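Observations on the three-dimensional arrangement
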Amino acid sequence: MTVYRGIDVSDLSRFGLRRHPLYMGIAFLVIIEATVSATLIVSYLYLMANADAWPPPGVEPPGLLWPTVNMVLLLCSAVTMWWAGWGIDRHNQRVLTLGIGASTLLATVVLVFRTMQLGEFGIGWQDHAYGSIVWTITGFHFVHVASAVGGTAVVTFLAWRGHFTAVRQLGVVVDTLYWYFVAAAWVPFYVVLYWVPRFI
């Protein structure tokens, strides 16, 4: 008969699982997606550098209201995700559930505002290179926020059911890592899409 001996991992931090395949998978996913994000930004800047006018004549840069509100909401959602992790580290299921739930709600509001923003672009993706890259970057990030909301809704449900503990929280850790990326990715996109055309 084989006897398996366990090891005491109770003193590990919530990020002590960095060698787990799921953690590594999400970490590499973030690296890949960050590379795609950088490529989109470089593509935008390349198109802008080679255009006679940017945006094209008769086209105004997209409005600042909804993108700015979205950035504030996404950064707030990163704070509530951090709060959720802080809570589970201290065996506080209530803080975990409230923090993750708040993040999901904030990002859902972002999706609503982003949809309103898309309706106000006044340009189509097929109109010119400017329209194409603006729609591509905005749509790319929209899909990421939507996927983060879907995944975090599942984590929220599991947290509400008491699935996670200070020891068993890999799902929270990888969800938090991806969430931080999605929130942070909007900052350079926001600067490039909404401020660069106003000053260059």
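See the structure above.
Residues numbered from 1 in each chain as written. Predicted model: local features only at pLDDT ≥ 70, side-chain atom pairs only at ≥ 80, totals over all residues. Heavy atoms only, no water.

1. A closer look at the packing of aromatic side chains
Within this structure, the stated rule accounts for eleven aromatic pairs. Taking the centre distance of 5.4 Å and the plane angle of 85 degrees together, the rings of Y44 and W54 count as edge-to-face. Here the residue Y44 occupies a position in helix α1 (residues 21-49), and W54 occupies one in the loop between α1 and α2 (65-89), the gap between them amounting to ten residues. The burial state of Y44 is the same as that of W54; both residues are buried. Both rings, one in F157 and one in W160, keep their centres 6.0 Å apart while their planes meet at 40 degrees; by these two values the pair is tilted. Of this pair, F157 and W160 both sit in helix α4 (residues 129-160), three residues apart, which is roughly one turn of that helix. Looking at W160, the relative accessible area reads 60%, which means it is exposed. (Phe/Tyr/Trp six-rings, centres within 6.5 Å; stacked < 30°, edge-to-face > 60°. Helix = DSSP H or I, 4+ residues; strand = E, 2+ residues; numbered from the N terminus. Buried < 20%, exposed > 50% of the residue type's maximum accessible area, 1.4 Å probe, protein only.)

2. Comments concerning the nonpolar core
Y44, L96 and V145 are the most contacted members of the largest nonpolar core, which has 53 residues in total. The set of elements that each furnish at least two residues to this core consists of α1, α2, α3 (93-119), α4 and α5 (170-199). The greatest single-element share of this core, amounting to 17 residues, is contributed by α5. When residues no more than four places from it in sequence are discounted, the contact partners of V145 are L74, A107, V110, L111 and V182. (Core = buried A, V, L, I, M, F, W, Y, C linked by side-chain atoms within 4.5 Å. Contact = heavy atoms within 4.5 Å.)

3. Focus: α2
In this model α2 runs 37 Å from its N-terminal to its C-terminal C-alpha over 25 residues, within 8% of the 36 Å that 1.5 Å per residue would give. One or two residues past the end of α2 sits H91, with phi positive at roughly 60 degrees. (Expected span 1.5 Å × (residues − 1).)

4. Topic: a nonpolar patch on the surface
On the surface, a cluster of nonpolar side chains totalling about 580 Å² of accessible area is made up of L75, V187, V191, W195, F199 and I200. The greatest single-element share of the nonpolar patch, amounting to four residues, is contributed by α5. Here V191 shows up in helix α5. (Patch = residues over 30% accessible without salt bridge, like charges linked within 9 Å, V, L, I, M, F, W, Y side chains within 5 Å. Areas by Shrake-Rupley, 256 points an atom, 1.4 Å probe, with all protein chains shown as cover. Salt bridge = Lys/Arg side-chain N within 4 Å of Asp/Glu carboxyl O.)

5. Here's the deal with the side chain of S77
Summarising the element assignment, S77 is placed in helix α2. Not counting residues within four places of it along the chain, the set of residues in contact with S77 comprises S103, L106 and W179.

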